[in-house]
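Chain by chain, the residues run as shown.
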Amino acid sequence: AGRLQTSKLLDSPARSPFHLHRGGGPLPPNRGCLTRLSLSRSHLSALCLDGVEVRGRIPCRHPKVTMAETAVLIVIGTMSFLFYYRARLRDTIKANRARWALRTIIQRIEAAGEGPDDEEEMQVSGLFIHPVKSLRAVPLSATAFDKHGLRADRRLMLVRPNARPTYGEFVDGEATHRFFTQRQCSSLATIEASEPVDIGGKVLIKLSSTLLTDEHVFVDVSPSVIESLPVRYNAGLWGDVVEVADVGDAAADFVSKVAMQTDVRLVCLLQDSTRRISDKYCPDAARGPFGDLPMAGLTDGFPILVTSQASLDELNKRLRSVRIDRWCAIISFDLC
């Protein structure tokens, strides 16, 4: 009992909320019993070393919190939340305000009867995807969307390695490769990448070229295969750095023959990629309901690119005839 800090000592064991025991039996009655006990961690350790066991319930008292203190804590928590997420809240407000304004404009046009007549309604005149960035477009009759844009559109691209930096090795997050397109090599326009086709449980893309008529190669772009590819790069795509996976030597050798470059590699976007379009060019109405930016695949800047047949017809009056599939647009409209 000398090791315990007691605030009150009574003679009656019946009024004690707990009892002290040593060696399997209670302490002698003449030691008294305790109704209040203040134990520190060192006191409890000393009791255990002396073979004293504390049985029963030790009462605990919690400090009372007033309504004023609760209100202060709520205000501080709310202000901290608003300060930390102030940018997201601002983007959310701007996005929903722009969506509401756009919806109001459309409703006013429809109410005034100023919309296009039934004979002049816009129609989709073409759907295209580029399975490999900067290669030939593939026309489609129907398609679907996923989180990166049009399904299978620009999920693969060509890259070349960057020069080693003067300070030695690449740092984390730095681009080790750079995207490679027809801007640097016009012969890439001769390569055609087919629409992904499911054959025997594999999703295959066929690469062929008019310069290599007797050669072609298949690339397996099944999600499970892409995720298991061991070689990964940080590829620079304009101002972004995107993690990509190398699809193998067979495809790289085929493209290198056409491009006459020995260091060209074919890479694929990972399924969990979260590359988003630039905040600088994204309209407020294009943001999500919580102000988040749309995601994109390996396109230059935006997941969906649109053009019109009328614009192309006007351009062809000044140039030689150019087909609609020579543009990067994936959706073209007629009668705009």
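Data block above holds the structure.
Here's what I pulled together on the structure shown here.

What counts, and at which threshold
By convention here, each chain's residues receive numbers from 1 onward along its written sequence. Local features in this predicted model are restricted to residues of pLDDT 70 or higher, and side-chain atom pairs are both shown and tallied only at a pLDDT of 80 or more, whereas totals for entire chains, interfaces and linings draw on every residue. Only heavy atoms go into the side-chain values, all of them from the structure, while hydrogens and water stay out. Strands here mean DSSP runs of E at least two residues long; helices mean DSSP runs of H or I at least four residues long; both are numbered from the N terminus. Buried means the residue's accessible area, taken with a 1.4 Å probe over protein chains only, is under 20% of the maximum for its type, while exposed means over 50%, and partly exposed covers the values in between. Should any heavy atoms of two residues lie within 4.5 Å, those residues are counted as being in contact. We get accessible surface area from the Shrake-Rupley algorithm with a probe of 1.4 Å; when it comes to residues, only the shown protein chains can shield them. Put simply, a patch holds well-exposed residues, over 30% relative accessible area, that have no salt bridge, with like charges counted together within 9 Å and Val, Leu, Ile, Met, Phe, Trp or Tyr side chains within 5 Å. Salt bridges are defined by distance alone: a side-chain nitrogen of Lys or Arg within 4 Å of a carboxyl oxygen of Asp or Glu. For this analysis, a nonpolar core means a set of buried residues of the types Ala, Val, Leu, Ile, Met, Phe, Trp, Tyr and Cys, connected via side-chain atoms within 4.5 Å. Planes of paired rings set the category: under 30 degrees apart is stacked, over 60 is edge-to-face and the rest tilted, where pairs are Phe, Tyr or Trp rings (Trp by its six-membered ring) whose centres lie within 6.5 Å. Definition used: whenever NZ (Lys) or CZ (Arg) falls within 6 Å of the ring centre and also within 35 degrees of the ring normal, the charge is taken to sit over that ring. Two strands qualify as a pair provided that DSSP identifies no fewer than 2 bridges between them. Angles shown run from 0 to 180 degrees and are taken between the N-to-C directions of axes, each axis being a line fitted to C-alpha atoms and, for helices, limited to the stretch in contact.

With that settled, consider the overall build of the protein. If you tally the helices and strands in the protein, you get six helices and 20 strands. By residue count, 34% of the 336 residues in the protein fall in the buried class. Contacts in the protein between residues at least 24 apart in sequence constitute 59% of all its contacts with a sequence separation of at least 6. Here the protein displays about 21700 Å² of accessible surface, and carbon together with sulfur accounts for 56% of that area.

On to a nonpolar patch on the surface. A cluster of nonpolar side chains, contributed by Val75, Met79, Phe81, Leu82, Tyr84, Tyr85 and Leu89, occupies part of the molecular surface with about 720 Å² of accessible area. In terms of residue count, the dominant contributor to the nonpolar patch is helix α2 (residues 67-84) (five residues). Here Met79 is to be found in helix α2.

With that out of the way, let us pick up the nonpolar core. Buried together is how nonpolar side chains tend to be arranged in soluble globular proteins. Membership of the largest hydrophobic core comes to 28 residues, with the highest contact counts inside it found for Leu156, Leu188, Leu207, Val247 and Leu266. Those elements that place two or more of their residues in this core are β10 (156-161), β12 (191-193), β14 (202-209), β15 (212-220), α5 (249-259) and β18 (265-269). Here this core takes five residues from α5, the largest share from any one element. Sequence-distant contacts of Leu266, defined by excluding residues within four places in its chain, comprise Val132, Leu156, Met157, Leu158, Leu207, Val219, Ala245, Asp246, Val247 and Ala251. Among the nonpolar cores identified, the runner-up in size contains eleven residues, and Met157, Val159, Phe179 and Val244 belong to it.

By the secondary structure assignment, His130 is in the loop between β6 (123-129) and β7 (138-140). Given the relative accessible area of 6%, His130 is considered buried. In contact with His130, other than residues within four places in its own chain, are Leu135, Arg136, Ala137, Ala152, Asp153, Arg154, Trp327, Cys328 and Ala329.

Here the structure, examined in full by the defined rule, presents three aromatic pairs. Here Phe81 and Tyr85 contribute two aromatic rings whose centre-to-centre distance is 5.0 Å and whose plane-to-plane angle is 45 degrees, an arrangement assigned as tilted. Overall, the relative accessible area of 38% leaves Tyr85 in the partly exposed class. Residues Tyr84 and Tyr85 carry aromatic rings whose centres are separated by 4.8 Å and whose planes lie at 80 degrees to one another, so their mutual orientation is edge-to-face. Grouping aromatic residues by their ring pairs yields a cluster made of Phe81, Tyr84 and Tyr85. Positioned above the aromatic ring of Phe83 is the side chain of Arg86, whose terminal nitrogen or guanidinium carbon lies 4.3 Å from the ring centre. The aromatic ring of Phe180 is capped on one face by Arg160, whose charged end is 5.6 Å from the ring centroid.

What follows is about the pattern of salt bridges. Under the defined criterion, the tally for this structure stands at 16 salt bridges. Of the charged contacts, one joins Asp246 and Arg265 as a salt bridge, the two residues approaching to 2.8 Å between their closest N and O atoms. Of this pair, Asp246 sits in strand β17 (residues 240-246) while Arg265 sits in strand β18; the two residues are 19 residues apart in sequence, bridging distant segments of the chain. Accessibility classification places Asp246 together with Arg265 in one group, the buried group. In this structure, Glu314 and Arg318 form a salt bridge, with 2.7 Å as the shortest nitrogen-oxygen distance. Among the charged side chains, a network of salt bridges with common partners joins Asp91, Asp279 and Arg287.

Once that is clear, we can look at the sheet that holds β10. Judged by pairing direction, the barrel is mixed, and its five strands sit side by side in the order β10-β11-β16-β17-β18 before closing back on the first. Strand-to-strand twist across the sheet, computed as the mean angle between neighbouring axes with direction ignored, equals 55 degrees.

The next thing to look at is unusual backbone geometry. In the Ramachandran plot, Ser134 falls in the positive-phi region, its phi being about 75 degrees despite a non-glycine side chain. Looking at the element boundaries, Ser134 is found in the loop between β6 and β7. Given the relative accessible area of 18%, Ser134 is considered buried. Residue Ala152 is not a glycine yet carries a positive backbone phi of 70 degrees. Assignment of secondary structure puts Ala152 in the loop between β9 (149-150) and β10.

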